[in-house]
Amino acid sequence: MSCPEPSLTQDAFWRGAFHLVQPRKGAYRSGLDALLVASGVASEASGYALDMGAGAGAIGFAAASRAPALRVMLAEKTAEMAACARAGLALGDNSALAGRVSIVEADLLAPRAAREAAGLGDGSFDHVLSNPPFYPHGHRASPAPLRLGIAGLGTVGIGVVKIIQAHADLLAARAGRPVQITAICARDRQRNRDADLW
């Protein structure tokens, strides 16, 4: 088992049921999470499955390995990861999957016409699988505030509120977005607790 490109690795999954070609470093590397998602597919599943944001193809390859009657389309936006998925599918170790797995390089957020041109038409799939995308540290933070709820305003609860308020700028810098307390559960919210609750 060797990979021709030194920046890539060839890795066996599910005791050799399938193999992936993945970047050695600098990108997401598939692991147990992908196998957990694919294990939600019944072994007797059939029809057509979509692996959204497929990366190197771990979820789609695992689903196809698990369910021999299932056809799977891997949709991946980035050229590097789509190339890894294609290289993985071309491995001799994955020859049993080759006739049932296809790979398309496409943006799932593109307008409908572009998605349909890529074979990703609405209602085309019996199963949809996905593992949320990987974003490296500092790549992209959600612009939405990080919303927190406080359960109880006893000594600990009010202490947490005061700490969050006193260190709002530091918390926002560390979280990459503003931090807001949006819900508080307390028996008596009108009681004076020496803190600005709203």
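Everything here concerns the structure above.
Residues numbered from 1 in each chain as written. Predicted model: local features only at pLDDT ≥ 70, side-chain atom pairs only at ≥ 80, totals over all residues. Heavy atoms only, no water.

Draft legend 1. Quick peek at the overall build of the protein chain. Looking only at helices and strands, the protein chain has six helices and eight strands in total. Along its sequence from the N terminus, the protein chain presents helices and strands in the succession β-β-α-β-α-β-α-β-α-β-β-α-α-β. Residues classed as buried in the protein chain amount to 35% of the 198 residues present. The long-range fraction of contacts in the protein chain, counting pairs at least 24 apart against all pairs at least 6 apart in sequence, stands at 61%. For the protein chain, the accessible area works out to roughly 11,700 Å², and carbon and sulfur atoms hold 55% of it. (Helix = DSSP H or I, 4+ residues; strand = E, 2+ residues; numbered from the N terminus. Buried < 20%, exposed > 50% of the residue type's maximum accessible area, 1.4 Å probe, protein only. Contact = heavy atoms within 4.5 Å. Areas by Shrake-Rupley, 256 points an atom, 1.4 Å probe, with all protein chains shown as cover.)

Draft legend 2. Summary view of the pattern of salt bridges. As enumerated under the stated definition, the model contains six salt bridges in all. Close ionic contact of Arg112 with Asp122 constitutes a salt bridge, the shortest N to O distance being 2.2 Å. Residue Arg112 is located in helix α4 (residues 112-117), and its partner Asp122 is located in the loop between α4 and β6 (127-130); the two are separated by 10 residues in the primary sequence. For the salt bridge of Arg115 with Asp122, the shortest nitrogen-to-oxygen distance reads 3.4 Å. On the accessibility criterion, Arg115 (18% relative accessible area) is buried. Connected through shared salt-bridge partners, Arg112, Arg115, Glu116 and Asp122 make up one network. (Salt bridge = Lys/Arg side-chain N within 4 Å of Asp/Glu carboxyl O.)

Draft legend 3. Layout of the packing of aromatic side chains. Under the defined criterion, the tally for this structure stands at four aromatic pairs. Ring centres 5.5 Å apart and planes at 5° place the aromatic pair Phe13 and Phe18 in the stacked group. When sorted by exposure, Phe13 lands in the same class as Phe18, which is buried. Above the plane of the ring of Tyr48 lies Arg71, whose end atom (NZ or CZ) is 4.5 Å from the centre. (Phe/Tyr/Trp six-rings, centres within 6.5 Å; stacked < 30°, edge-to-face > 60°. Lys NZ or Arg CZ within 6 Å of the ring centre and 35° of its normal.)

Draft legend 4. Structural context of the side chain of Gln10. Take Gln10: it is sitting in strand β1 (residues 8-13). A distance of 3.5 Å separates the side chain of Gln10 from the side chain of His19, its partner in a polar contact. Of note is the side chain of Gln10, whose polar atom sits 3.0 Å from the side chain of Asp93. (Polar contact = N/O pair within 3.5 Å; in protein donor to acceptor, adjacent residues only side chain to side chain.)

Draft legend 5. Representation of helix α2 (residues 58-66). The element α2 is extensively covered by neighbouring structure, given that seven of its nine residues are classed as buried. Listed as buried for α2 are Ala58, Ile59, Gly60, Phe61, Ala62, Ala63 and Ala64.

Draft legend 6. Seen up close, the pairing of strand β4 (residues 69-76). Burial analysis of β4 places six of its eight residues in the buried class, the great majority of the element. Note: strand β3 (residues 46-52) against β4, seven bridges, orientation parallel. Looking at β4, one finds that Ser46 is bridged to Ala69. Read from β3 through α2 to β4, the crossover connection turns out right-handed. Summarising the sheet, β4 and strand β5 (residues 101-105) pair through five bridges and their orientation is parallel. Bridge pairing links Val72 to Val101 in β5. Each parallel crossover has a hand, and for β4 linked through helix α3 (residues 79-89) to β5 it is right-handed. (Pairing = 2+ DSSP bridges. Right-handed = clockwise from strand over helix to strand, strands pointing away.)

Draft legend 7. Summary view of the environment of Gly47. Within the secondary structure, Gly47 sits in strand β3. Taking relative accessible area as the criterion, Gly47 reaches 23% and is therefore assigned partly exposed. Counting along the chain gives 23 residues from Gly47 to Leu70, while the straight-line C-alpha distance between them is 5.4 Å. Residues contacting Gly47, with those up to four places away along its chain left out, are Ala69, Leu70, Arg71 and Asp126.

Draft legend 8. Region of interest: the sheet that holds β3. The parallel open sheet is built from four strands, whose spatial order is β5-β4-β3-β6. Strands at the two margins of the open sheet, each flanked by one partner only, are β5 and β6. On average, each strand axis in the sheet is tilted by 20° relative to the strand beside it, whichever way the strands run. The strands that α2 touches are β3, β4, β5 and β6; relative to β4, the one it contacts most, it runs at about 175°. (Axes fitted to C-alpha atoms, helices over the stretch in contact; angles between N-to-C directions.)

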